[in-house]
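Listed below are the residues making up each chain.
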Amino acid sequence: TITVRRAPTAEIDTNLNACINVPVTITMDTVTLYVEKYVWNWDGGILTNETENGGPYGVYWPTPGSKMMRLVVYHRSCPSLEINQEIIVRDRPYAKILSYNKVTNYGRDTNVIAGKICSRDTIVFTAYRDSTYKYKWSPQYYFDVDTNHIAADRMNLPGFVRVDVTSEYGCKSADSVF
């Protein structure tokens, strides 16, 4: 008689989108008991933590684009078919404060000239705009509710103004001016 062993089965479990240089958690699900070996190919991904079994693993990619993770599991020396899972690595959003203008007493915007901002002047900040981005301006005591690419407030003291930008995929970036 010929004994044929059933090939093990498994699947890769992770988010379908990742952000460049941000680790994601990857696990392997299987109904096959006693998997003895896991052979992973991360398609250029870099491990931040690894285990000796099916995971969880922490992996990040230093370049954006489509990545194909591959896995073969072994049970009683029999390999599974190659298991493939695509993940799209997204670049950071473009965060840039493009301009800041002073609003005069007459309601007209004027370009800010170095050293010409006075205490209690209202300054309008404009960041690069993308309709899919979310914006958060700081410091919070000036910008507690500004979530648009344009923010304005009366400035009392010199200091940094920062915009944090989040893409539709949760990727983050920031820019600041003094």
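Now for a description of the structure that goes with this document. (Residues numbered from 1 in each chain as written. Predicted model: local features only at pLDDT ≥ 70, side-chain atom pairs only at ≥ 80, totals over all residues. Heavy atoms only, no water.)

**Here we look at the sheet that holds strand 13 (residues 134–138)**
Applicable threshold: Two strands form a pair only when DSSP identifies at least two bridges running between them. Runs of E in the DSSP output that reach at least two residues are strands. Runs of H or I that reach at least four are helices, and both are numbered from the N terminus. To obtain each axis, a line is fitted to C-alpha atoms, and for helices this fit is confined to the stretch in contact; angles are then taken between N-to-C directions over 0 to 180 degrees.
Within the open sheet, the three strands sit side by side as 13-15-16. Their pairing is antiparallel. Two strands lie at the open edges of the sheet, namely strand 13 and strand 16 (172–177), each paired on one side alone. For this sheet, the mean inter-axis angle between neighbouring strands, taken without regard to orientation, is 20°. In this structure, strand 15 (residues 161–166) lies alongside strand 16, joined through six bridges in antiparallel fashion. Paired with Thr166 across the two strands is Lys172, which belongs to strand 16.

**Focus on the packing of aromatic side chains**
Given two aromatic rings, their pairing is described by the distance between the two centres and the angle made by the two planes. We count it as follows: Between rings of Phe, Tyr and Trp, where Trp is taken as its six-membered ring, a pair exists when centres lie within 6.5 Å; planes separated by under 30 degrees are stacked, by over 60 edge-to-face, and by other angles tilted. Two thresholds decide whether a charge sits over a ring: the Lys NZ or Arg CZ must be within 6 Å of the ring centre and within 35 degrees of the ring normal.
Inspection of every chain in the model, using the stated rule, returns twelve aromatic pairs. For the ring pair Tyr94 and Tyr128, a centre distance of 4.9 Å and an interplane angle of 85° mean the geometry is edge-to-face. Of the two residues, Tyr94 is situated in the loop between strand 9 (83–90) and strand 10 (97–103) and Tyr128 in the loop between strand 12 (121–127) and strand 13; the sequence distance between them amounts to 34 residues. For the pair Phe160 and Phe178, a centre-to-centre distance of 5.1 Å together with 70° between the ring planes defines the contact as edge-to-face. Taken together, the positions of Phe160 in the loop between strand 14 (150–155) and strand 15 and Phe178 in the segment after strand 16 put the pair 18 residues apart, joining distant regions of the chain. These aromatic residues form a ring-pair network of at least three members: Phe125, Trp137, Tyr141, Tyr142 and Phe143. Sitting over the face of the ring of Tyr74, Lys37 holds its NZ or CZ atom 5.1 Å from the ring centroid. Residue placement shows Arg90 over the ring face of Tyr169; its charged tip is 3.8 Å from the ring centre.

**With respect to the sheet that holds strand 1 (residues 10–13)**
The four strands are arranged 1-3-6-5 in an open sheet whose pairing can be described as antiparallel. Both outer strands of the open sheet, strand 1 and strand 5 (46–49), are each paired with one neighbouring strand and no more. Across the sheet, the axes of successive neighbouring strands diverge by a mean angle of 35°, strand direction being ignored. Here three bridges tie strand 5 to strand 6 (residues 57–60), and the two strands are oriented antiparallel to one another. By the bridge assignment, Ile46 is partnered in strand 6 with Tyr60.

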